[in-house]
Amino acid sequence: MSTHPVRTLTVPTQELLDALQPLPAGMTAHLWDMVGEPHGVDYAQIDAVVTPYAASTDWRAGVARVPDLQLLQAQTTGHDGLPELVGAGTAVASAAGVHAAATAELAVGLMLASLRGIDAAVRDQQEAHWNPSRYPGLADRRVLLVGVGGIGREIAARLEPFEVELTRVGSQARDDEDGHVHGTDELVDLAASADVMVLITPLNEQTRHLVDARVLAALPDGALVVNVARGGVVDTAALTAEVSSGRLKAALDVVDPEPLPADHPLWKAPNAIITPHVGGNSEAFTPRIQEFLRRQTARLAEGREPLNLVQRGPWA
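Below is a summary of the structure that appears in this document. Keep in mind that this is a model prediction, so the values were computed, not measured. Each chain has its residues counted from 1, running along the sequence as written. Whole-chain, interface and lining totals are the exception, using all residues; otherwise, since this is a predicted model, local features are given only for residues with pLDDT of at least 70 and side-chain atom pairs are given and counted only at 80 or more. Side-chain metrics rest on all non-hydrogen atoms present in the structure, leaving aside hydrogens and water.

**Some remarks on the environment of Leu 138**
Under the DSSP-based scheme used, a helix requires at least four consecutive residues in state H or I and a strand at least two consecutive residues in state E, with every element numbered from the N terminus. Within the fold, Leu 138 resides in the loop between helix H4 (118-126) and strand S6 (142-146). On the basis of relative accessible area, Leu 138 is assigned to the buried category, the value being 4%. Sequence separation between Leu 138 and Ser 114 is 24 residues, and the spatial gap between their C-alpha atoms is 9.4 Å. Each residue is placed in one exposure class: buried if its accessible area under a 1.4 Å probe, protein chains only, is under 20% of its type's maximum, exposed if it is over 50%, and partly exposed if it falls in between.

Here you go:
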């Protein structure tokens, strides 16, 4: 389905603006970080906006200044809060696929770091302490993968050579080309036999606090919780209690709230690893987001349906 072609686009950085040149015929792009004023264009002329990535300032209020926005294009895979920000009349598109490889490799890296005691070895190194110990390792672990979208598939593919026993969980039970997918209604029962739980599900009304005190309590002693999804998928208070007690381990790229307060006990828990929401933020991001946006602008200039729509807006 087509709509009116997008003629005017804004992007948040000069690097992106340069990377999109030459633009498709009939399209112009302008620099706007969504905090200050757009360069060389009035708000009423803007058809589509590319949001900032990993911005240190709150850009969301800027959306309200654009009266006839057709498309809000995120640079992230996650899109929680964006449909509500713009309303049903504006389309929202994610950058699904751009971050898949980087996030999957971090998920595996967090598993290995915790399960091979690399975090403990780094702490020992600071004290010049030679402390050989036996850790569980990843081989033969029973891994429960919660989330079977694009990044979930990439995590599963990277786990295959590690010889794990993988169980996948999606929103509903079903079978696909890779076998059986369990539903989230089975999560408590499945958790009872998991050595590692990996979370890569979107955050929405159905998944907020999906991993609650009941799920965490079902995990065996010593199990590892890896979250590369969104912090709100896990009940932070319940996780903190389990980790602080020493019963569970955690490796978290995302937390709730984000960042954690400086005095939060998870910071100093010896069985927790925390990275600052950098799952997709590797050097692979820049060329991949640029290539994706070049494809997206070509479609927009022709009035074709955008890629990765999560809210259809004018393309309904």
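**A word on the packing of aromatic side chains**
Only Phe, Tyr and Trp rings take part, Trp by its six-membered ring, and two of them pair if their centres are within 6.5 Å. Stacked means planes under 30 degrees apart, edge-to-face means over 60, and tilted covers everything else. Considering all chains together, one arrives at 2 aromatic pairs under this definition. Summarising the aromatic geometry, the rings of Trp 32 and Tyr 43 are spaced 5.6 Å apart at their centres and angled 65° between planes, so their arrangement reads as edge-to-face. Of this pair, Trp 32 sits in the loop between strand S2 (28-31) and strand S3 (48-50) while Tyr 43 sits in the loop between S2 and S3, and the two are 11 residues apart along the sequence. Here Trp 32 falls in the buried class, since its relative accessible area comes to 1%.

**Details of unusual backbone geometry**
Cis geometry is found at the peptide bond from Gln 21 to Pro 22, where omega equals -10°. Here Glu 258 and Pro 259 are connected by a cis peptide whose omega angle stands at -5°. Looking at the secondary structure, you find Pro 259 in the loop between strand S12 (249-252) and strand S13 (272-274). Unusually for a residue other than glycine, Ala 128 sits at a positive phi of about 50°. When you line up the elements, Ala 128 lands in the loop between H4 and S6.

**So, the sheet that holds S12**
Two strands pair under a simple rule: DSSP has to find at least two bridges between them. An order of S8-S9-S7-S6-S10-S11-S12-S13 is seen for the 8 strands of this open sheet, with the pairing classed as mixed. Each having just a single partner strand, strand S8 (174-176) and S13 make up the two edges of the open sheet. The average undirected angle you get between the axes of adjacent strands in this sheet is 20°. Pairing geometry for strand S11 (residues 224-227) and S12, over 4 bridges, is parallel. Pairing of Asn 227 across the sheet is with Leu 252, part of S12. Between N-to-C directions, angles span 0 to 180 degrees; the directions come from axes that are lines fitted to C-alpha atoms, helices contributing only their stretch in contact.

**Concerning the packing of helix H3 (residues 100-115) against helix H5 (residues 150-159)**
The geometry of H3 relative to H5 is characterised by a closest axis approach of 8 Å and an angle of 50° between their N-to-C directions. Accordingly, the angle class assigned to the pair H3 and H5 is oblique. Both H3 and H5 take part in a crossing whose hand is right-handed. Taking contact as the criterion, the partners of Ala 100, Ala 101, Thr 103, Ala 104, Glu 105, Ala 107, Val 108 and Met 111 in H3 are, on H5, Gly 150, Ile 151, Glu 154, Ile 155, Arg 158 and Leu 159. In terms of residue class, the contact of H3 with H5 is made up of 9 nonpolar, 2 polar and 3 charged. We call two directions roughly parallel when the angle between them is under 35 degrees, roughly antiparallel when it is over 145, roughly perpendicular when it lies between 65 and 115, and oblique otherwise. With the far helix as reference, a near helix turned anticlockwise by less than a right angle produces a left-handed crossing, and one turned clockwise produces a right-handed crossing. Residue contacts are defined here by distance: any two heavy atoms, one from each residue, within 4.5 Å place the two residues in contact. Ten residues, namely Ala, Val, Leu, Ile, Met, Phe, Trp, Tyr, Cys and Pro, are considered nonpolar, four, namely Asp, Glu, Lys and Arg, are considered charged, and the remaining ones, Gly among them, are considered polar.

**Details of H4**
Within H4, burial applies to Asp 119, Ala 120 and Asp 124. Projected down its long axis, H4 shows its buried positions confined to an angular sector of 140°, all on one face. More than 90 degrees from the buried face of H4, the exposed residues found are Gln 125 and Gln 126. Taking the helix axis as origin, the arc is that swept by the directions to the C-beta atoms.

**So, the side chain of Asn 271**
Note on placement: Asn 271 falls in the loop between S12 and S13. The class of Asn 271 is buried, set by a relative accessible area of 14%. As used in this structure description, the phrase polar contact means that two N or O atoms lie within 3.5 Å; if the pair is within protein, one of them must be able to donate a hydrogen and the other to accept it, and residues adjacent in sequence are counted only when both atoms belong to side chains. Within the structure, the side chain of Asn 271 is placed 2.7 Å from the backbone oxygen of Leu 248, a separation counted as a polar contact. Those residues in contact with Asn 271, other than ones at most four positions away along the chain, are Val 243, Gly 246, Leu 248, Lys 249 and Ala 250.

These values are about where atoms sit, not about what they do.
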